[in-house]
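# Survey of secondary and tertiary structure
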Amino acid sequence: MLRFDRLLRRKTLLFALPVLLLTACDDLLEVELPGQVRSQDLNHPRLAGVLARSVQGDFDCALSAYVWGGGLWANDLYQTDNFSRARLTQLRSDEVLNFDQLECDQFTFPPIYLPFQISRVQGEQAVEIISGFSNEEVADRDLLLGTAHAYTGYSYEILGETMCELAVDGGGRVSRESVMMAAEDQFTSALQFVESAASGEARSIRNMARVGRARARLNLGDAAGVLEDAGQVDAGFVRYADLDLSDDRLYNRVFNYVNRNSGNSSVHPSYVDLEVGGIPDPRVPLERLEDTLPFDGVSELWVQHKYTDLGSDIPFASWREAQLMIAEVSGGQTAVDIINNLRATVANLPFVDADPGLPPFVSNDEGQIRAQVWEERRRELFLQGTKIGDMLRLDIPGVSTDDFETGVNQRGNPYGPHTCYPLPDQERL
Amino acid sequence: MRSGPRLSPCGTLTFATVLVLGIGAPPIHGQQGVITGSAEDARSGQPLASVQLSISTLDIGVLSDAGGGYQLTSVPPGTHTLTAQRLGYETVNQQVTVAAGQTVVADIELTQAALQLDAVVVTGTAGGTQRRAIGNVVDRVDAVSVQEVTPVTNVEQLLGTRVPGLAMQAAGGTIGGGQSQIRIRGSASVGLPNDPLVYIDGVRMNIDRTEGRRQTTGRLNDINPEDIESIEVIKGPAAATLYGTEASNGVIQIITKRGAAGDVQFDASIGLGTNWLMDPANQVFPNYATIDGQRYVMNIVEAEEQRFGEPLFRYGALQEYSLAARGGTDRIRYFASFNRNDQDGWVDWNWDLRQTGRLNLDLTVNDRLSVAVNGSMMSGLTRLAGDFWVQTMRGSPRTAVDFGGAESPLRGFGSRTPEAQRDGQEWMFDTERKNASVSVQFSPWPWFQNRLIAGVDLTDQVETNTVFRESNAPNGLWRSTGLGSRDVLGLETQLKTFDYSGTVNYDLTPQLGTATSVGFQFYEKKTWDVRAQGDEFATEALSTVGAAARLTAFEDIVENVTVGFYVQEQFSWEDRIFLTGAVRIDENSAFGTDFGSQTYPKVSGTWVLSEESFWNLDFLNPLRVRGAWGAAGRQPDTFAAQRIFRPVTGPGLQPALTSNNFGNAELGPERGEEFEIGFDAGLLDERVQIAFTQYWKSTQDAIVNAPVRPSLGFPGTQFINAGQVDNWGTEVGLDIQILQENPVRWDLGVAFGYNDNEIVSLGDDLEDLAIRRGRRHTVGFPLAGFHDFKVVSADFVSGSSGAVTNRMCDGGIASGGGFVEGGPAVPCGDAPRVYWGNTHHTWTINANSTLTLFDDWRVFASVQGQGGGLVHADQVPAKHTSWRNSLAIQEQTDPIFMGTLAQSRNPTGLIDNGYLNFEELGVQYQIQSELAQRLGAERASIALAMRNLGFIWREEWRTKIGGVRVPDVRQGLGNQEFIGQQDSQAPLSSSGLVRLRISF
């Protein structure tokens, strides 16, 4: 017994120190995270403005990447290097199915899908959080909600135009039509929040939502709805993705990959030397780089001058687009008048120095008018992120002048089978 | 009111602990007699410093000095058992009779033995235990012995492949840029790094790699190999349980040299040598082009030599200078060293200069309390070689006018020439490193031992990468398009370790002893990452970030804390049967909020059979059998559990947030459980020594880095505890003393390891996870197995070359989550990806031979090999499709090759990975003592070491499809898991070093 007691005393002594240490050090596991924000810390009225702004920021970045990547996919641009995975985007290859999904500011290959999903989800989260606060808690609450809804609507819209089908919130797949309807709902909600507001920003969001809803309705075949929304857009309205050369997340990706890194991407040959009645069309300003060798050694390099630097904003909703939507659904003399009005006002475009005096379009042939509307869209909305949707919507034999390419590209590599962008493998796990 | 500095409750207690351990020690006894003598190595006759000589019954002891001498005072008259112990040597017990007032001389010879059953092991044990009591295998590299025969210039060369089951994949052959990827018993984690933990004198060490473009630089080689006494390696959860979370990949412990009582002794060495790229013309890929219907082939090395009349690559100089001093008294001993190492690469802009200093102090306050204080610093400056090597692969005769191409400044290189790399980019690493620790050993009573270690490891690294504006901008180097750019990346890493262990010994009966241990560990890692980047300079004279037109900045702080507590009970029976049980409980800041603490148990047993009375097999002695089962963890990344948003610049340059990490509130560590059995045996009077181990390991709750579905609105991946990976393997260490007697002694050693693995599960929803270029984690197959389409037939569209049609692929046979080969041929559009093979080495071997002649000469040679799988040469497919400069793509006459390219280019990079390489050749001459003394030295030696002397055998030289000759299959990117062979990394260089060592 004595021996056991001694053993017990010795072991008690042994355990005493670690136990004391453990009880005294209960705060040891606390670590700091000063460079990032935990999700639970977002739910505060003070952050409502940051949330709405973040949705817009995500969208702007997504759009910039999309204009480059979507341009490669849909004949606005082509890839002139031999090695980057961007060439597979141009080829619309099966390999895009298993691409890692990149954020908008990554560039191993053009990020097309994930950035708009981020913008969409963050938009819906912002709406949910801000809705939980009162007008007293959050200044400009309605404008913030309208902004979040409008940008969420645009994210749905571009995903709906681009993707063959969509996955939402990690769940099952939904059709392009359902996505477009969701976009329409978001714009409707946005309009409810900013319908009567008078500030400049509220008016801009209202116009943006109207252009966006008109675009959704155009895709849904709702001509009356298009006319209702597009007709209410203020003349001269333009909403831009707000970009800046001071932060690479805010770069204009088109300028970056076509102009700045000459030799990576080039404007597609179908845009070279566009004219209207023998006058160079200033809506597609291009320049050939004759002294610069493309990375693939075979392509002609054409840079664009629509965007003049890394911080050039990209328009994505405008009165001119609204007018073209009216022209598309109206046809006839209405369409002709719109085409001519737009041609007469090209000098209003920020990258056009002077009115070149483009001659008017004259026709009373419906087919010819529809084809010209499409051609005008192609030039007016050059590198603005509408091309894939247009090519899929207008892929009507005899109407579309710009089909998805087949055969082999300029380097002899075969084009893949896709026209709409396939749902990535990561959504099929 | 302002208050002064205050200690937290934890800090107060820590301080108090140190205080308590330092007081109350009883005084030492008076003198009655003296034992003196020297300790030396029984085989080489070299004096041995730091041998512990003690008389346990009297509780007195002393360490031998640098010359091996010792003096033990206060010895009462009578016959005593003098015990001599030293790491890596067999313990010697010698009877010594002391008369009152007299001095007795007792010289001790210690024998190095591979089995080392009585050697003290400090890694994976509670405060240090004799090897005989440990149920798992512990390998040890005797750094001093290695340095004597084959001088090394860094820790990687020292660690090498001397340990069965430990494999290293080098990161590339340029100077200063490569830290190898270290794998112990292969890989077991799907989603987390598989690196082992590294400790130095009980303190966690930063071995993070910093990723650069086509180059990695690492921290392991910051340690001066001249300062290292030995390296202990424990291999898996069964051995590393006491290290808890993070330790399931094994633990490497670096033990540095210590001082010895006696007059100061200096060790000086000078090393001069060179490194080079062996047979460079065969290390580059020949590049082909068809120009105007004629085929041209260009070997860029030969072409440049013909053009300029001198080799493209040079011999880079190696210089190293070391000075170490050790000495002291019985109370205070010191070891101090300084080392300067200067290495030039085989391209002239690639160099590395580093200086290290170390001071280790040992203070014996009394026979119950001792304190060790260690401090080291390193200052290094490296200019990296950049990605010049890939330019040799990307090139084409099309840009070489002397090979039928166009007039071009590229001369057949890819996008820039070597001189453009040298003059256009300056990529530097400036590293300052400080390591300090204090270790307190306190035994207030003979039955109660305490050990407290507290230490910090601080690394300050500044990386600058300047791409100068070129005169012909905007055409030029990458990213800046010739307009110039500069990145400055500051990375400060702090590691703090606090480790207490206490052991109470108690003999229940004269035969049955117990040892109860408890431990408390705190480990914190904090990194501070600051980056500034500037793009576009107005003139060529500008090259600072502030001078650039566009600036960006980044700052991040990441912190991780582990707190652990363990209890261990050990029973011993007559010091030959040991049974140990332990439990460790961990909490970690990276665990999810819904996840509690983690518990890791272990049980081990060992039995020295040959010491039993019934043992009568004299030819087999000693023999010890051992077995261990245990668990350890691997923590997820810091903040991996949390849903996180990161700040970005929003519209109008206002602050905004964007989604960053989806997180997982239920996330916990993955848990490795391992069972190993084995034996250590000596045959024929220990002339043959064998250590055999068989292990089975299962990683439960394996963290799978599953991609987040993009529709959830978050980028990247999400860690989930979903998987299970099983590993198994065999390790054999064999040492044979073929000739034992002078004048010729010959020793052979073999370290062989076999390991393999299989993914049992990736979770409920996942059967298959793509990694990169054909490598996939697939259930039922090894980690990162190669799964891709296999074209079995194809027809040319026309003629006998060019595009193909009617591509038929192996239809595969369903197995696990994938398909194995051997199915019916089906159109490739309907075919699955089939399994081609594993992409890890299943076997590793190192065989070495040491020949000792007349005690003065020693010749050492070693062969290193790996194999048993495939390697994917990542750049080869690009030669076919992107650069189109391979012979196969120029000819286009192989329908299978053309069909494979049309289906998936990945298989064109496959090659069998087996090889045997002539790794080391060393010659050492021990200068005659008379001659050494004439030079003013006590001892002197000169040694020559040569490394990487070429392949003895390669399983395959050419890729399976396309037939591209791959010069090397060993280099990779050390900071990326399952990355495959990176042929864009420069091949491994060869080196030769002559070192003169003088002791005085």
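The structure presented is a predicted model; accordingly, all values stated were derived computationally and were not measured.

### Examining the overall build of chain A
Along its length, chain A carries 13 helices and 11 strands. Expressed as lengths along the three principal axes of its C-alpha atoms, the size of chain A is roughly 115 × 55 × 40 Å. Burial analysis of chain A (429 residues in total) assigns 61% to the buried set. For chain A, long-range pairs separated by at least 24 residues make up 72% of all intrachain contacts whose partners lie at least 6 apart in sequence. Within chain A, one finds 38 positive and 65 negative side-chain charges whose respective centroids are separated by 8 Å.

### Examining the pairing of strand S34 (residues 620–634) of chain B
Residue and element names in this part refer to chain B. Burial of S34 is extensive: 12 of the 15 residues sit out of reach of the surface. Here 7 bridges tie strand S33 (residues 598–608) to S34, and the two strands are oriented antiparallel to one another. Bridging from a neighbouring strand, Trp 607 pairs with Val 625 of S34. Where S34 and strand S37 (residues 670–683) come together, 13 bridges link them in antiparallel fashion. Bridging from a neighbouring strand, Arg 626 pairs with Gly 678 of S37.

### Concerning the sheet that holds strand S3 (residues 60–63) of chain B
Residues and elements named next belong to chain B. Strand order across the open sheet formed by 4 strands is S3-S2-S5-S6, with antiparallel pairing between neighbours. Strands at the two margins of the open sheet, each flanked by one partner only, are S3 and strand S6 (92–98). The sheet shows a mean angle of 25° between the axes of neighbouring strands, direction not considered. For strand S2 (residues 52–55) and strand S5 (residues 78–85), the ladder comprises 3 bridges, and the chain directions are antiparallel. Paired with Gln 52 across the two strands is Gln 85, which belongs to S5.

### Focus on helix H10 (residues 895–903) of chain B
All names here are of chain B. Looking at H10, one finds that the buried residues are Phe 897, Met 898, Gly 899, Thr 900 and Leu 901. Taken together, the buried residues of H10 touch strand S44 (791–796), strand S45 (804–810), helix H8 (876–881) and helix H9 (887–891). Where H10 begins, the side chain of Asp 894 points an oxygen toward the backbone nitrogen of Ile 896, at a separation of 3.0 Å.

### Some remarks on the state of the cysteines
All names here are of chain A. Summed over all chains, the structure comprises 3 disulfides over all chains. Note that Cys 61 is cross-linked by a disulfide to Cys 104, the S-S spacing being 1.9 Å. On the S-S bond that ties Cys 61 to Cys 104, the torsion sits near 100°, and the link is right-handed. Here Cys 61 is found in helix H2 (residues 48–73), whereas its partner Cys 104 is found in the loop between helix H3 (86–91) and helix H4 (114–131), with 43 residues between them in sequence.

### Notes on the pairing of strand S22 (residues 294–298) of chain B
All names here are of chain B. Note that strand S21 (residues 287–291) and S22 share 5 bridges and pair antiparallel. Bridge pairing in S22 links Ala 289 to Tyr 296. Here S21 hands over to S22 after 2 residues, with Asp 292 in that stretch at a positive phi of 50°.

### Points about the interface of chain A and chain B
On the chain B side, the residues contacting the 72 residues of chain A number 82 residues. Surface buried jointly by chain A and chain B totals about 6800 Å² across both partners, of which 61% is contributed by carbon and sulfur atoms. Along the contact surface separating chain A from chain B lie 3 salt bridges. Two residues, Glu 103 of chain A and Arg 646 of chain B, come together in a salt bridge whose shortest N-O distance is 3.1 Å. Along the contact surface separating chain A from chain B lie 19 residue pairs in polar contact (both at pLDDT 80 or more). Every element with two or more residues in the side of chain A that touches chain B is listed here: helix H1 (2–24), strand S1 (37–38), H2 and H4 of chain A. If you tally residues by element for the side of chain A that touches chain B, the top one is H1 of chain A, at 14 residues. Relative to strand S35 (residues 644–649) of chain B, S1 of chain A runs antiparallel, the two being bridged by 2 bridges. Note on S35 of chain B: the bridge partner recorded for Val 37 of chain A is Phe 645 of chain B.

### Some points on the side chain of Gln 56 of chain A
Tracing the sequence through the fold places Gln 56 of chain A in helix H2. A distance of 3.3 Å separates polar atoms of two side chains, one belonging to Gln 56 of chain A and the other to Tyr 151 of chain A. Not counting residues up to four positions away in its chain, the partners in contact with Gln 56 of chain A are Tyr 151 and Arg 239 of chain A together with Pro 651 of chain B.

### Let's talk about the nonpolar core
Of all hydrophobic cores here, the largest spans 113 residues; its most connected members are Leu 63, Met 208 and Phe 316 of chain A. Ranked by the residues each element gives to this core, the list is headed by H2 of chain A, at 13 residues. Excluding its chain neighbours within four sequence positions, the residues that come into contact with Met 208 of chain A are Ala 150, Tyr 151, Tyr 154, Phe 237, Arg 239, Phe 316 and Ala 317 of chain A. Membership of the second largest hydrophobic core comes to 31 residues, among which are Met 298, Ile 300, Ala 385 and Phe 403 of chain B.

### Some remarks on the pattern of salt bridges
A side chain of one charge can pair with a side chain of the opposite charge if their charged atoms are brought near each other. Residue and element names in this part refer to chain A. Inspection of the entire model under this criterion finds 80 salt bridges over all chains. When the shortest N-O distance is used, the salt bridge between Arg 213 and Asp 229 registers 2.8 Å. Note that Arg 213 is positioned in helix H7 (residues 200–220) and Asp 229 in helix H8 (residues 223–230), a separation of 16 residues in sequence. Residue Arg 213 shares its accessibility class with Asp 229, and that shared class is buried. Ionic contacts of the salt-bridge type, sharing partners, join the residues Asp 281, Arg 283, Arg 320, Arg 343, Glu 375, Glu 376, Arg 378, Arg 379 and Glu 380 into one network.

### Description of helix H9 (residues 253–260) of chain A
The element H9 of chain A is extensively covered by neighbouring structure, given that 8 of its 8 residues are classed as buried. Within the sequence span of H9 of chain A, burial applies to Arg 253, Val 254, Phe 255, Asn 256, Tyr 257, Val 258, Asn 259 and Arg 260 of chain A. Contacts from the buried residues of H9 of chain A go to H2, strand S2 (77–79), strand S6 (265–267) and strand S10 (302–304) of chain A together with strand S30 (512–537) and strand S31 (548–573) of chain B. Where H9 of chain A starts, the residue carrying a side-chain oxygen 3.0 Å from the main-chain nitrogen of Val 254 of chain A turns out to be Asn 252 of chain A.

The rules behind each value
- Residues numbered from 1 in each chain as written.
- Chains lettered and ligands numbered in written order.
- Predicted model: local features only at pLDDT ≥ 70, side-chain atom pairs only at ≥ 80, totals over all residues.
- Heavy atoms only, no water.
- Helix = DSSP H or I, 4+ residues; strand = E, 2+ residues; numbered from the N terminus.
- Buried < 20%, exposed > 50% of the residue type's maximum accessible area, 1.4 Å probe, protein only.
- Contact = heavy atoms within 4.5 Å.
- Lys, Arg positive; Asp, Glu negative; His and termini not counted.
- Charge placed at Lys NZ, Arg CZ, Asp CG, Glu CD.
- Pairing = 2+ DSSP bridges.
- Axes fitted to C-alpha atoms, helices over the stretch in contact; angles between N-to-C directions.
- Polar contact = N/O pair within 3.5 Å; in protein donor to acceptor, adjacent residues only side chain to side chain.
- Disulfide = S-S within 2.5 Å.
- Buried area = accessible area lost by both parts, 1.4 Å probe.
- Salt bridge = Lys/Arg side-chain N within 4 Å of Asp/Glu carboxyl O.
- Core = buried A, V, L, I, M, F, W, Y, C linked by side-chain atoms within 4.5 Å.

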